[in-house]
Amino acid sequence: MKFFIFTYGCQMNEYDSEIMSGLLNEMNLIQADDPKEADIIIFNTCCVREHAEEKVFGRLGQLKKLKVKNPNLIIAIGGCMTQQKGMADEIIRRFPYIDIVFGTYNTFQLPEMINKVMKDRQSIVNIWEKEGEIIEKLPIKRTDKIKAWIPIIHGCNNFCSYCIVPYVRGRERSRSMKEIIQEAKKLESEGYREITILGQNVNSYGKDLNEKVEFADLLYALNDIRGIKRIRFITSHPKDFSDRLITAISECDNVCEHIHLPLQSGSNKILKLMNRHYTKEHYEELVYKIRNKIPNSSITTDIIIGFPGETDEDFFDTLDLINRLEFDSAFTFMYSKRKGTPAALMPGHIDTEVKKNRLFQLMAVQEEITHNKNRELLGKTLEVLVEGVDTKTRNRLIGRTRTNKITFIDGDQETVGKIVKVKINKTKTWTLEGEIVD
Ligand code: 5AD
Ligand code: SF4
């Protein structure tokens, strides 16, 4: 029998889908290349913005045809979307042909749920109210052979007022340092070159553990695993990005000098309403500190425009900061109202047209900055980890610089998995191009 997984959302979800694949492989199920060939279809969903949910609803609607054709098809849906209050009922009502609804805390139960549905042919809704202990040593089938994800902390305690994540992923739970190091060492022995350590806020790592460790300690320990040549980390919160952490990044040669540091807004009024616990002045100072201590670092960010109460003036504050800080790139989002979050109930929700307008302005400004930043790299020689062959042209390689810039290189397939020196001879807004020089 075959299965297919649709994955939406962030890297944590990609990792969770790799765990699901591992669990299903252990049941002797194999991964299908196409959902049409699958006997079991699983949705691993996201609810951070309404758009993510709409995509899932659209796809679920399309599956009705497949289910009519093959009544034995099992459809399961889990992840952040189903974990929201009342959502399981809504899903079952709108899509009664779904067999399994599970949440974010009980993914490990997927095999038993599938077995039960196969036996009884009755649908199951199984969502845990609260997070449980972290379950270690689950099987995993990773999609990539060169780079891998390692979660280090689950959940979030920050409760930014717009964000649904704390409600669907629970409170912060750090994995033990021992488990993380073991996982990284295993990846090293399997020939992996790069790891990205994951958490909603990696800076909180260790705060909930009995052992006295913090995120910087973890970086030093991972840096000692010499076969892993690149260590990346997402996401950092500006409120608790310590000086010790900046030092650790600069001292650990395998830790890449790329910092994703969500700003969200450049207006102090909006930052306060967002419950972000920092001011634009603090953020700005942090960026200068990072650039000072970590030369050639790239800093990227997330911005939300159209948060309730955002005036033209607040928006101009954001534009102004974006212009001054010159991020390497920015993910820009229109505020999306999430039921159950404090911001949903705030006054002053912004018209979609106004939001769109602000988003386009912001994107245009940032695009130019990103392009200019890339132009500065022209003629420079950078280290690139070759990740694969460009699927479009087939005769080009594709990789990333330590600063996380996508780079196309002329070269042959044998270079995949290697770290090479590349002289940049062309720059575009989103990508670099160059040739191998050693
Ligand atoms: N609306 C728009 N963007 C959001 N994000 C989180 N919640 C919302 C929301 N309700 C954005 C933030 C975060 C990124 C992962 O998603 O910018 O950093
Ligand atoms: Fe959401 Fe804020 Fe937690 Fe990030 S830090 S997951 S934006 S609540």
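Residues numbered from 1 in each chain as written. Chains lettered and ligands numbered in written order. Predicted model: local features only at pLDDT ≥ 70, side-chain atom pairs only at ≥ 80, totals over all residues. Heavy atoms only, no water.

**Description of the nonpolar core**
Reasoning step 1: Judged by nonpolar contacts, the single largest core of 51 residues is most densely connected at Ile 197, Phe 215 and Leu 222.
Reasoning step 2: Listed in part, the 29 residues of the second largest apolar core include Tyr 8, Ala 52, Met 87 and Phe 95. (Core = buried A, V, L, I, M, F, W, Y, C linked by side-chain atoms within 4.5 Å. Buried < 20%, exposed > 50% of the residue type's maximum accessible area, 1.4 Å probe, protein only.)

**What to know about the domain arrangement of the chain**
Reasoning step 1: Segmenting the chain into domains produces domain 1 (2-126), domain 2 (147-375) and domain 3 (381-436).
Reasoning step 2: Using only C-alpha atoms to locate each centre, domain 1 and domain 2 end up separated by 29 Å.
Reasoning step 3: The interface of domain 1 with domain 2 comprises 17 residues on the first partner and 20 residues on the second.
Reasoning step 4: Interface area for domain 1 against domain 2, summed over the two sides, is near 1600 Å², with a carbon-plus-sulfur share of 59%.
Reasoning step 5: For the domain 1 face of the interface with domain 2, the top three residues by lost area are Met 12, Tyr 15 and Arg 49, together amounting to 37%.
Reasoning step 6: In this structure, the connection of domain 1 to domain 2 is made through 2 salt bridges.
Reasoning step 7: At the junction of domain 1 and domain 2, the tally comes to 8 residue pairs in polar contact (both at pLDDT 80 or more).
Reasoning step 8: Going through the elements one at a time, α1 (11-26) and α2 (50-69) are the ones with two or more residues in the side of domain 1 that touches domain 2.
Reasoning step 9: Per-element accounting of the side of domain 1 that touches domain 2 gives the leading share, 7 residues, to α1.
Reasoning step 10: Class assignment for the residues of the side of domain 1 that touches domain 2 results in 6 nonpolar, 5 polar and 6 charged. (Domains from an automatic or database assignment. Contact = heavy atoms within 4.5 Å. Buried area = accessible area lost by both parts, 1.4 Å probe. Salt bridge = Lys/Arg side-chain N within 4 Å of Asp/Glu carboxyl O. Polar contact = N/O pair within 3.5 Å; in protein donor to acceptor, adjacent residues only side chain to side chain. Helix = DSSP H or I, 4+ residues; strand = E, 2+ residues; numbered from the N terminus. Nonpolar A, V, L, I, M, F, W, Y, C, P; charged D, E, K, R; others polar.)

**What to know about the sheet that holds strand β14 (residues 329-334)**
Reasoning step 1: Ordered by their spatial adjacency, 3 strands build an open sheet running β12-β13-β14, and the pairing between neighbours is parallel. The open sheet has two free edges, formed respectively by β12 (258-260) and β14, since each of these has just one partner strand. Between one strand axis and the next, the sheet turns by 15 degrees as a mean value, whatever way the strands run.
Reasoning step 2: Its contacts with the sheet put helix α12 (residues 352-375) on β13 (298-305) and β14, and the angle it makes with β14 is roughly 175 degrees. (Pairing = 2+ DSSP bridges. Axes fitted to C-alpha atoms, helices over the stretch in contact; angles between N-to-C directions.)

**Concerning the pairing of strand β18 (residues 419-427)**
Reasoning step 1: Bridge analysis of strand β15 (residues 381-389) against β18 gives 5 bridges, and the strand direction is antiparallel. Bridging from a neighbouring strand, Glu 383 pairs with Lys 421 of β18.
Reasoning step 2: For β18 and strand β19 (residues 431-436), the ladder comprises 5 bridges, and the chain directions are antiparallel. Across the sheet, the residue bridging to Lys 423 is Glu 435, located in β19.
Reasoning step 3: Hairpin connection, β18 to β19: the antiparallel pair is bridged by 3 residues.

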